[in-house]
Each structure stands twice: as structure tokens, then as C-alpha cells.
Amino acid sequence: MSWGTELWDQYDNLAIHTNKGIEFLDKYANFIRDRLTIETEYAAKLRRLVKNYQPKKKEEEDNEFTSWQAFRKVLNEISDLAGQREVVAESLQLQIIQGISLLSKTLREERKKCLANGTYLHQNLTTQLAALERAKRNYEKAYRDSEKAVENYKKADMDLNLSRAEVERYKNIMTAKIQQSDDAKNEYANQLQKSNNLQQQHYHELLPEVFNRLQELDEKRTRGIREFIIGAADVESSVAPIIARCLEGMVKAGESINEKEDSYKVIERYQSGFTPPGDIPFEDLSKMDTLDTSQESHYNHVQSSHLTVKGTISANKIKKRVGIFNIFGSNKEDFSDLPPNQRRKKLQAKIAELQQKIQQETAARDGLMKMKVVYEANSSLGNPMTVEGQLNESEHKLEKLKMDLKKYQGYLEKANQIPIANNSPQANRTHSMNNGHRSSRHSNGSTEDNNYDGDFQPDDAGSLSRSDSEDNVAQIQNGHNNNNNGSASPESGLGTSHTSLPGSAHGSTHENAMGEDAYYETEMEPLQPLGTCRALYPFEATSEGSIPMNEGEELQVIEIDQGDGWTRVRRINNTNGWDEGFVPTSYIECTLYA
């Protein structure tokens, strides 16, 4: 079946159909362009999404959790997925869009040539048919004229009144008209033969050839659309395995999440090493000793008069406690203000960091030494003295790093000697009643008297309220404290306060204003002790406001632990009167007065 045979008389419709086909091809090209734009925008938005959800620098410490690691892997897979969408867009542009554009241009040019040829053939046929029509009209006119001339001659020949000359004239006219009619007839016959031949050639050879060429072009267009659709699908299929691997990577990332491992890492990060509280003993009031009336009265007066909400207030000084031993941070070189487990972890991380720096600096030094040797062997390459300064600086840095490493290794060795909650004898220690006195443990290892009427509330700066005994570290006049030494709480941050640890320089008696930690000094009598305590382990005073103690040493408790892990104690000093300061609550066993 061909257009030239079946559609010989549908020239105009075929011209319209082929034009619509090319327009449809262009429409499909526009569809691919729009899809290409969507793929490009999708890839860009995926990359922007990955960038927006990349872990921030402040979140790097959370990357140790498997859930965070899995999420980072998912982000990487999404980034790869975005890359594949970009590959799809690029392939559609190179393989489909350019192919369609080239095909459309070719089809339009070939169609134009075919239609121009068809128009030329129609014009030739129309011209030939017009010539045939003219020849036919000339023949008809000549034939009528010849018939009229014959009739006139017959009439003249029958008319006896006409002369012979007149009759002869009519005869000559008849003869001429008959000859003209014959000539016109012959011309008409010739034109008819030409027209028939041309028309037969036009509809059986020339025009079918044009239509068949148009058919080929249209089939080429249709075949091109089929190939382009399949090609677009092939472009998608080519990246499908990589996309599948991206999805598999996401699945593996999800499967890599281990809730138990994350829970263990939370323990590793936040475990303090302190001992949990023990059982609260039963108080048998029938066996309790009678308290001294004056001591009880004084103690009750202290409890009712000097406990505050905003901070520690006493007749000696007024001070607000802020930032009580933040367990998650440290501003000390040896991290001694952190709990045992956290201290070890920080020290180990610091040692690993120093070891890495030493390794890097050693490699740099070795490189400089090799360079110096090369320069000494061949002075044209460089001056060895230029490397000498860098080599000395590298040696100096390396020596300093090694000293720091040795120092922190010493800190770690000292920290490892301190028992932790899991193996501390304090963890299995039971609480007892001794001579009417009771002792109980806080959750942080401190002791507390249940009959204590103080109202402990957190102040608006985040610190816990303390009893007035906290501030019993000022200068004590009238011979009660001969060395004029006091103590600042280790968490107060008053490194230059008017009081100092025993053995340190004497502080100024003037007011030391440091933000909210400012206080005012007056004179007062020392407060009565709240109980006694016994040192379970030796303790070295490494922070401001703390005092050292030996294992088994007996001390007086002048302020109980308020949740920060420290208890204020007093030691009788035969030389200078007494020393006061803070010691870790987990290092002592307290017995408070009932």
C-alpha cells in the first residue's frame, strides 16, 4: 500500500498531514525539554537538601552514634541519587533533544522539496489541459465556420441571379474554411494526445513518486518518535542500577543502626563514675541521744535564719553560687573538675591528639632533615641554612609536644589510681546508726539529715541554695583563725577572692566584685559543725577552694552536699587554728548530728 496509488487525488490532505506530523515531533521535543528541566531542578533541590541537613560543626560529637552515622550515609546516597538525575538530564539533552532537532530540520526540508515538486507537476498538467481546451475551442469555431461556408456556397450555386464569379468566390471561401477546420481539428487532436500522455504520466508516475517520498518522510518521523521514546527509557534504565545501589545503600545504612550500641555510647559519654545512693536507714527515736539544748537552739537558729533561695547569705558575706561543676565541660588543664569517667575520657582524647600531632611534626622534621642533606650535597638546589631555622622551630615544637604528652600521661596515670563506682568499696558500703547519730547518702554520694528544715531551691542562675555555713570561710577575728585564711567554693570561680586556701597568699580584705559572685565581708563568729566525716580515699587539692585530706582522716562537716558533688569541711589545725574548704562527697563518709 502506497500513498501514490491509493491517495493519488489527496495532495492537499497529505500536505496537511505531513505538516501535523512534524509539529507533533516538535511537541514531543518540548516535552523532553520540560522533563529535562524538571530533572535538573530535582537534582539541584536534592543537593540543596543534602547541604542543608549536613551535620553542623557543633554536632560533630554526635557522629559517634550509629543513627547519626546512618543518616550521613543516607545523605551521601541522596547526593549520588542527585548525580544520577543530572546524568539523566544530560543524556536526554545529548541523545534525545539534539536527535529530534536534527530529524525535524531534515523532515521539514525534504517535505518542502516534495511539495514544491508536486506543485510544479500540477502546474504543468494544468498548463497542458489549458492548451487542450484552447485547441478544442479553435477546432469548434473553425468547424462551425466551415459548415457555414459550405451552406453559403450551396445557396450561391442554387441562386441563378448570381454571376459565376460570385459563385466561385463562395466556393473559395468554403474551401478555405474547410481547410482551417481541418487544421484546427489536427491541432486539437495533437493537444489531446499530449494532454492524455502528460496526465497519465502525472497520475501514474510523477505524482505517485512525490507522494511516496512524503510517505517515506512521515514513516521516518514516526520511526524516529518510536526510537526517541525507547531511547528516553534507555537513558532512565542506564542509571537504574546505580539508583538501585543508592537505595540499597540507604537500606544498609538503616540496618546499621544499633540501638544497644548507641545506648552504650550514651553511657560512655555521660557516665560520671559516682556511686548511686544507698538505702536510707530507719531512725529509732528511742535510741537517739538527747541533744545539747544550746547546740540545738543554735543549729535551729542557723537553719531558719540563713537559708535563702537566691544564694548563700550569712552575716559574714553574701555570695551567689553560679555554674556548679558543670559535668559536661571543664576549664582545667588536667580536667580534675570532671567526674572520674569523664576525666579519663578527656585525658585519653587529649593524649591521642598529642600523639597524632607528634607523629605529624616528626614527619615534617624528617622531611626538613632530608631536604637539608640534599642541599648540603648539592648547593645548586638550595641553601642548607634556609632549612636550619625551620628545623630548629620543628624541633622546638616537637619537644614541647612531647613534654605535654608526658604531662597528660601523668594526669591519666593519676586519674587511673582513683577508684570508680564499679569497683569502689563505697559502692557496697552499708549505712549504719552510731550512738544515736545517723548517716545517709545522697544520689551524688553526700549525706543529709532528714530533720534538716532547710528549704533548698534552685536560684534563677541555675545554682542550688546553700546553708549559711557555706560562707563560713571568711576571716575570723578575735583569735579564732590566726592565719586569716578562708576558702572560696571551687565552683564559684573566685580565683582572686579575698580568701584563699591554706598556704596560699593572703587575700585582700576589700570587696572583690566579679559580676554576680560579688560579696561583702563583715565579721561574725564561726558556725557550729553539722557533723563529722571520715576520708575514704586520699584527695589532693587541685582546684580553687578545695583542701587536701589523707585516707582515714577525721574532719568536721560545716556544709552538706547540695547536689554538686562537694562537701565543705573543717580541719582543726594546731598551728593556725583551722582550715576550711571543699572535698569530693564520694571520697568521704559522713555522720551528721541528729
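Residues numbered from 1 in each chain as written. Predicted model: local features only at pLDDT ≥ 70, side-chain atom pairs only at ≥ 80, totals over all residues. Heavy atoms only, no water.

Student: Honestly, the overall build of the protein in this entry has me stumped. Any pointers?
Tutor: For the protein, the count of helices and strands is eight helices and nine strands. Across the 594 residues that make up the protein, the buried fraction comes to 41%. Partitioning the intrachain contacts of the protein with sequence separation of at least 6 by distance along the chain shows that 73% fall at a separation of at least 24. Approximately 34,300 Å² of the protein is accessible, and the part contributed by carbon and sulfur atoms is 51%. (Helix = DSSP H or I, 4+ residues; strand = E, 2+ residues; numbered from the N terminus. Buried < 20%, exposed > 50% of the residue type's maximum accessible area, 1.4 Å probe, protein only. Contact = heavy atoms within 4.5 Å. Areas by Shrake-Rupley, 256 points an atom, 1.4 Å probe, with all protein chains shown as cover.)

Student: Looking at this model, I keep getting lost on the packing of aromatic side chains. Mind explaining?
Tutor: The geometry of an aromatic ring pair is captured by two quantities: the separation of the ring centres and the angle between the planes. Scanning all chains against the criterion turns up nine aromatic pairs. Sitting over the face of the ring of Tyr 170, Arg 169 holds its NZ or CZ atom 4.8 Å from the ring centroid. (Phe/Tyr/Trp six-rings, centres within 6.5 Å; stacked < 30°, edge-to-face > 60°. Lys NZ or Arg CZ within 6 Å of the ring centre and 35° of its normal.)

Student: Got a minute to help me understand the confidence of the model for the protein in this structure?
Tutor: Chain-level pLDDT for the protein is 75 on average; 74% of the residues reach the 70-or-more range. Within the model, the stretch residues 290-329 combines pLDDT values under 50 with 117 contacts to residues more than four positions away or in other chains. Across residues 421-524, where pLDDT falls below 50, the model places 314 contacts with residues more than four positions away in sequence or in other chains. (pLDDT = per-residue confidence, 0-100.)

Student: Please explain the nonpolar core as it appears in this structure.
Tutor: Taken as a class, soluble globular proteins show a tendency for nonpolar side chains to be buried jointly. Counting 40 residues, the largest nonpolar core has Leu 25, Tyr 28, Leu 92, Ile 96, Ile 100, Phe 211 and Phe 228 as the members making the most contacts within it. For this core, the elements supplying multiple residues, two or more each, are helix H2 (11-52), helix H3 (66-158) and helix H4 (164-255). Ranked by residue count, the leading element in this core is H3, at 15 residues. Ranked by size, the runner-up nonpolar core spans 19 residues in total, among them Ile 560, Trp 566, Ile 588 and Leu 592. (Core = buried A, V, L, I, M, F, W, Y, C linked by side-chain atoms within 4.5 Å.)

Student: How should I be thinking about H3 in this particular structure?
Tutor: Every α-helix winds through 3.6 residues per turn, so residues three or four apart in the chain are directed the same way. With 93 residues, H3 extends 134 Å from end C-alpha to end C-alpha; this agrees with the ideal 138 Å at 1.5 Å per step. Where H3 bends most, at Gln 93, the angle is about 35 degrees. (Expected span 1.5 Å × (residues − 1). Bend = angle between axes of the 7 residues up to and from the residue.)

Student: Teacher, can you tell me more about the pairing of strand E9 (residues 588-592) here?
Tutor: A regular strand places its side chains so that they alternate between the two faces of the sheet. Summarising burial for E9: five of the five residues are buried, a large majority. With five bridges connecting them, strand E5 (residues 531-535) and E9 associate as antiparallel partners. Among the inter-strand pairings, Thr 532 is bridged to a residue of E9, identified as Thr 591. (Pairing = 2+ DSSP bridges.)

Student: What's the story with the pairing of strand E6 (residues 554-559) in this structure? I'm lost.
Tutor: Both E5 and E6 contribute to a ladder of four bridges, which runs antiparallel. Within E6, the residue paired with Thr 532 across the bridge is Gln 556. Hairpin remark: E6 followed by strand E7 (residues 566-573), antiparallel, with six residues in the connecting loop; positive phi at Gly 563, about 105 degrees.

Student: Would you mind showing me how to read the packing of H2 against H4 here?
Tutor: Helix-helix packing is described using two parameters, namely the angle between the two axes and the distance between the axes. Here H2 crosses H4 at 15 degrees, and the two axes come no closer than 10 Å. Between H2 and H4, the angle is such that the two are roughly parallel. Regarding H2 and H4, the two cross each other, and that crossing is left-handed. Note on element contacts: H4 touches H2 through Leu 207, Phe 211, Leu 214, Asp 218, Arg 221, Ile 225, Phe 228, Ile 229, Ala 232 and Glu 236, opposite Tyr 11, Leu 14, His 17, Thr 18, Gly 21, Ile 22, Phe 24, Leu 25, Tyr 28, Arg 35 and Glu 39. Split into classes, the residues belonging to the contact of H2 with H4 amount to 13 nonpolar, three polar and five charged. (Axes fitted to C-alpha atoms, helices over the stretch in contact; angles between N-to-C directions. Parallel < 35°, antiparallel > 145°, perpendicular 65-115°, else oblique. Left-handed = near helix turned anticlockwise from the far one by under 90°. Nonpolar A, V, L, I, M, F, W, Y, C, P; charged D, E, K, R; others polar.)

Student: How do you make sense of the pattern of salt bridges when you look at a structure like this?
Tutor: Inspection of every chain in the model, using the stated rule, returns 26 salt bridges. Of the charged contacts in the structure, one is a salt bridge between Lys 141 and Asp 145, with a shortest N-O distance of 3.3 Å. With Lys 141 and Asp 145 both in helix H3, this residue pair falls four residues apart, about one helical turn. Taking relative accessible area as the criterion, Lys 141 reaches 49% and is therefore assigned partly exposed. (Salt bridge = Lys/Arg side-chain N within 4 Å of Asp/Glu carboxyl O.)

Student: Before we go on, may I ask you to explain the side chain of Arg 365 in this structure?
Tutor: Here Arg 365 shows up in helix H7 (residues 340-377). The residues contacting Arg 365, other than those within four sequence positions of it, are Leu 391, Ser 394, Glu 395 and Leu 398.

Student: Where do I start with the environment of Arg 35 in this structure?
Tutor: Note that Arg 35 resides in helix H2. Taking the relative accessible area as the measure of exposure, Arg 35 reaches 23% and is therefore partly exposed. Each C-alpha atom of the pair Arg 35 and Val 88 lies 10.0 Å from the other, and the pair is 53 residues apart in sequence. Filtering out sequence-adjacent residues up to four positions away, Arg 35 remains in contact with Val 88, Leu 92, Ala 232 and Glu 236.

Student: I'm lost on the packing of H7 against helix H8 (residues 384-416) in this one. Help?
Tutor: The N-to-C vectors of H7 and H8 enclose an angle of 160 degrees; their axes lie 8 Å apart at closest approach. It follows that H7 is roughly antiparallel to H8 by the angle criterion. As H7 packs across H8, the resulting crossing turns out to be left-handed. Residues of the contact of H7 with H8, tallied by class, amount to 18 nonpolar, eight polar and 13 charged.

Student: Help me understand the environment of Met 369, please; the structure alone is not making it clear to me.
Tutor: Among the secondary structure elements, Met 369 is positioned in helix H7. Residue Met 369 is classed as partly exposed on the basis of its relative accessible area of 39%.

Student: Can you help me understand the environment of Thr 175 in this one?
Tutor: Assignment of secondary structure puts Thr 175 in helix H4. Its relative accessible area of 45% is what places Thr 175 among the partly exposed residues. Distance in space between the C-alpha atoms of Thr 175 and Ser 146 is 8.0 Å, their sequence separation being 29 residues.

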